[in-house]
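# Structural overview for review
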Amino acid sequence: MAITVQNFIKLANFYNQMAMMMSAICVEKGGIDIENYVGRFFAADTLEFIAEYGRRLLATDPKSVPADVVDVIKKFEEQYKKVKTLTTPTQKPIYEMSLEEFERIMNI
């Protein structure tokens, strides 16, 4: 996939639709908090991917990115900073983690 503004917009729309569905699921399941929803880990991984895509888009050709898209990229980066502890670890597989590392990653 080429890094383009159009692809970023598609990814951003996907994430927004997914967040809306997650909220609807939480309501339908009895009003559980989004922080307790198991899908939050997938959402954090997705947000990490989109934030990185936006950073690469700006690094590749910043002049071709409209100002409103730059604002959206910044918002995704801010959102990602809030949930970065929920993303799947990339440095160490779960079976190599200590119990403390695993609990921190799983937010237990």
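Residues numbered from 1 in each chain as written. Predicted model: local features only at pLDDT ≥ 70, side-chain atom pairs only at ≥ 80, totals over all residues. Heavy atoms only, no water.

The subject of this paragraph is the environment of lysine 10. Tracing the backbone through its elements, the reader meets lysine 10 in helix 1 (residues 5–28). Overall, lysine 10 belongs to the exposed group, its relative accessible area being 58%. Separated by 61 residues in sequence, lysine 10 and aspartate 71 have C-alpha atoms that sit 16 Å apart. (Helix = DSSP H or I, 4+ residues; strand = E, 2+ residues; numbered from the N terminus. Buried < 20%, exposed > 50% of the residue type's maximum accessible area, 1.4 Å probe, protein only.)

What follows is about the packing of helix 2 (residues 40–60) against helix 3 (residues 67–83). Two elements in contact, helix 2 and helix 3, have axes whose closest approach is 9 Å; the angle formed by their N-to-C orientations is 140 degrees. As summarised for this structure, helix 2 and helix 3 are arranged oblique, according to the angle between their axes. The handedness of the crossing between helix 2 and helix 3 is left-handed. Contacts from Ala44, Leu47, Glu48, Ile50, Ala51, Gly54, Arg55, Leu57 and Leu58 of helix 2 reach helix 3 at Val70, Ile73, Phe76, Glu77, Gln79, Tyr80 and Val83. Looking at the contact of helix 2 with helix 3, its residues break down into 11 nonpolar, 2 polar and 3 charged. (Axes fitted to C-alpha atoms, helices over the stretch in contact; angles between N-to-C directions. Parallel < 35°, antiparallel > 145°, perpendicular 65-115°, else oblique. Left-handed = near helix turned anticlockwise from the far one by under 90°. Contact = heavy atoms within 4.5 Å. Nonpolar A, V, L, I, M, F, W, Y, C, P; charged D, E, K, R; others polar.)

Next up on the list: the layout of surface pockets. Here the largest pocket defines a volume of roughly 270 Å³. Looking at the largest pocket, it is lined by 13 residues, and the ones nearest its centre are Tyr15, Met22, Ile34, Ala43 and Val83. At the level of elements, helix 1, helix 2 and helix 3 are the ones that each hand at least two residues to the lining of the largest pocket. Classifying every residue of the lining of the largest pocket gives 9 nonpolar, 2 polar and 2 charged. (1 Å grid on protein atoms, 1.4 Å probe; cavity = no way out; pocket = protein on both sides within 12 Å on 5 of 7 lines; lining within 4 Å. Points joined across faces, edges and corners; volume = space filled by probe spheres on them.)

Turning to the confidence of the model for the protein, a few remarks are in order. On average, residues of the protein score 88 in pLDDT, and 93% of them are at 70 or above. Here helix 4 (residues 99–106) is the element of the protein with the lowest mean pLDDT, 78, and helix 1 is the one with the highest, 95. (pLDDT = per-residue confidence, 0-100.)

This paragraph deals with the packing of aromatic side chains. To describe a pair of aromatic rings, you give the distance between the ring centres and the angle between the ring planes. Applying the stated criterion to the full structure yields 4 aromatic pairs. Ring centres of phenylalanine 8 and phenylalanine 76 lie 6.0 Å apart, and the angle between their planes is 85 degrees; on these two criteria the pair is classed as edge-to-face. In this pair, phenylalanine 8 is assigned in helix 1 and phenylalanine 76 in helix 3, connecting sequence segments 68 residues apart. Residue phenylalanine 8 shares its accessibility class with phenylalanine 76, and that shared class is buried. Judged by centre distance (6.4 Å) and plane angle (40 degrees), the ring pair of phenylalanine 49 and tyrosine 53 falls under tilted. Linking phenylalanine 49 with tyrosine 53, this pair stays in helix 2, spanning 4 residues, or about one helical turn. Relative accessible area serves as the criterion here: at 7%, tyrosine 53 is assigned to the buried category. Clustering of aromatic rings is evident, with ring pairs tying together Phe8, Tyr15, Phe49, Tyr53 and Phe76. (Phe/Tyr/Trp six-rings, centres within 6.5 Å; stacked < 30°, edge-to-face > 60°.)

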